[in-house]
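Each chain is listed here by its residues.
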Amino acid sequence: MADTHAQNAAAAAIGADDPAADWQLRPDTHAAALPPEAGTLARILQSADVRAIMTRYTAADSRAVAAQAVYKKRSRQAIYARLGAILVGGLFLLPLGGAGVAGVSAVKLGIVVQYACLGIALGLAAFLSARKLFSRWMEARAEAELARLALFDVVMEADEAARPGELPVLPLKLDYLRRYQLDVQTRYYLGRGEQHQHAAGQTERAILWLNVLSVASFLPLFVVAADYLGLIHIANVSALLGVLALGTAFSGILGALSAISSMNLDERNAARYLVVHENLKDLSGASLAQAREAAARGDDAAVRQFTDAVQRLISSEHQEWIVLRNHIKRPEHLVAVALDPVRLGMPAEGGI
């Protein structure tokens, strides 16, 4: 029978989840909040290895946040500029201002506005291509999250002797990973998966309504077909230009909605995140209970088997970007690579 007292004491020392704050990776703050009986874990969290990883994590996280913000802002601006060019072109297919100087002036203004929008869109596209912001965002985020993984690996691998009055270190390490990694990531993947699912659904509904309107806009074509067949005669050019304008406008709006959804990777992320959440949720049940029993017995191998399974699930997406960038052929070693900045192509000092 496992020592349930050791399990309960370790869980109590780590404390109850705080979803509002636990997602922030702050091992120094965690160490300061631990009770005296958890001194073994506190010393591990205050070690030089953990501080070095946190330096790399903080630098990579800052770069990822900055690249993401610029990428999304400029991408949205490029989408809206393209949409503006299309809508202006559709609008000025109509004979605005009638014939004569007023009509010509209006069309000239439309041409200026349309090409200004096109110029902005092309400039932003060139900017995004030259700066490679999407790749920089994904790579920096991958490096930050691999550093997060490395932190918990260092914690689990550390061997700190317990002093008088302190709890055994293995149950403490396991519950630390449970609270600040397993529980945090389980909530994260559920929340983000539902957000992406909602966004993808909203886009699908918007496109559905636009498709309905687009079908309605095709009705005048039956009149045009009748004209070609000689059944009727159409002499009103404005009506024909209106059909062209409607088709152009709806094509532009549909393209913009599709581009925004693709930019946010809504469908892909919704499916992926929710699958990872379900797998992490499964590990949080019977598997976690068994790992706690193993920790109370001092069975480090069994505990590491459980924690490695958690780490593999969380790291799967971020490993892809590091593999592609560094041509690493053995992805099972990526957590170890995250600990070695030289192998990641970064300076040994200064973080990632």
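To keep things clear, this report deals only with the structure shown in the data block. Residue numbers here run from 1 along each chain, matching the order of that chain's written sequence. Confidence filtering applies because this is a predicted model: local features only for residues at pLDDT of at least 70, side-chain atom pairs given and counted only at 80 or more, and all residues used for totals across whole chains, interfaces and linings. In computing side-chain values, all of the structure's heavy atoms are included and hydrogens and water are not.

1. Quick look at the packing of aromatic side chains
The description of two aromatic rings rests on the distance between their centres and on the angle between their planes. Ring pairs are drawn from Phe, Tyr and Trp, using the six-membered ring of Trp, whenever the two centres fall within 6.5 Å, and their geometry is named by plane angle: stacked under 30 degrees, edge-to-face over 60, tilted for the rest. By the definition in use, this model includes 8 aromatic pairs. Ring geometry for Tyr-71 versus Phe-134: centroids 5.3 Å apart, planes at 55 degrees, classification tilted. Of the two residues, Tyr-71 sits in helix α4 (residues 48-91) while Phe-134 sits in helix α6 (residues 133-157), which places them 63 residues apart along the sequence. Tyr-71 gets classed as buried once you look at its relative accessible area, which sits at 13%. Each residue in the set Tyr-71, Phe-134 and Trp-137 is aromatic and connected to the rest through ring pairs, giving one cluster. Helix and strand definitions follow DSSP, with helices as H or I runs of at least four residues and strands as E runs of at least two, each counted in order from the N terminus. With a 1.4 Å probe rolled over the protein chains alone, any residue whose accessible area is under 20% of its type maximum counts as buried; one over 50% counts as exposed, and the rest are partly exposed.

2. Focus: the pattern of salt bridges
Whenever Lys or Arg places a side-chain nitrogen within 4 Å of a carboxyl oxygen from Asp or Glu, that contact is recorded as a salt bridge. Scanning all chains against the criterion turns up 16 salt bridges. Salt-bridge contacts for Asp-17 lead to Arg-178; the nearest nitrogen and oxygen are separated by 2.8 Å. Of the two residues, Asp-17 sits in the loop between α1 (4-14) and α2 (27-33) while Arg-178 sits in helix α7 (residues 169-217), which places them 161 residues apart along the sequence. Note that Asp-175 and Arg-292 form a salt bridge whose closest N and O atoms lie 2.8 Å from each other. Linking Asp-175 in helix α7 with Arg-292 in helix α10 (residues 266-297), this pair joins segments that are 117 residues apart in sequence. Taking relative accessible area as the criterion, Arg-292 reaches 24% and is therefore assigned partly exposed.

3. Thoughts on the nonpolar core
Only buried Ala, Val, Leu, Ile, Met, Phe, Trp, Tyr and Cys residues count toward a nonpolar core, and they belong to the same one when joined by side-chain atoms within 4.5 Å. Among the nonpolar cores identified, the biggest contains 51 residues, and Leu-41, Leu-151, Leu-172, Tyr-176, Phe-306 and Val-310 are the most heavily contacted of them. Elements with a contribution of two residues or more to this core: α1, α3 (39-45), α4, α6, α7, α10 and α11 (300-326). Here this core takes 10 residues from α6, the largest share from any one element. Core analysis: the second largest hydrophobic core is formed by 8 residues, Ala-64, Ala-67, Leu-128 and Leu-133 among them.

4. Some thoughts on the packing of α1 against α10
Relative orientation of the contacting elements α1 and α10 amounts to 105 degrees, with a least axis distance of 9 Å. When the axis of α1 is compared with that of α10, the two are roughly perpendicular. Residue-level contacts link Ala-6, Gln-7 and Ala-11 of α1 to Arg-292, Glu-293 and Ala-296 of α10. Between N-to-C directions, angles span 0 to 180 degrees; the directions come from axes that are lines fitted to C-alpha atoms, helices contributing only their stretch in contact. Roughly parallel means an angle under 35 degrees; roughly antiparallel means over 145; roughly perpendicular covers 65 to 115; every other angle is labelled oblique. A contact between two residues is defined here by any heavy atoms of the two lying within 4.5 Å.

5. A word on α1
Among all positions of α1, only Ala-6, Gln-7, Ala-9, Ala-10, Ala-13 and Ile-14 are buried. Backbone geometry just after α1 places Gly-15 at a positive phi near 95 degrees.

6. Here we look at a nonpolar patch on the surface
Patch membership requires over 30% relative accessible area and the absence of a salt bridge. Like charges are linked within 9 Å, and nonpolar side chains (Val, Leu, Ile, Met, Phe, Trp, Tyr) within 5 Å. Residue burial considers only the protein chains on display, and all accessible areas are found by Shrake-Rupley using a 1.4 Å probe. On the surface, Ile-111, Tyr-115 and Leu-118 cluster together into a nonpolar patch covering about 300 Å² of accessible area. Relative to the helices and strands, Leu-118 is located in helix α5 (residues 101-131).

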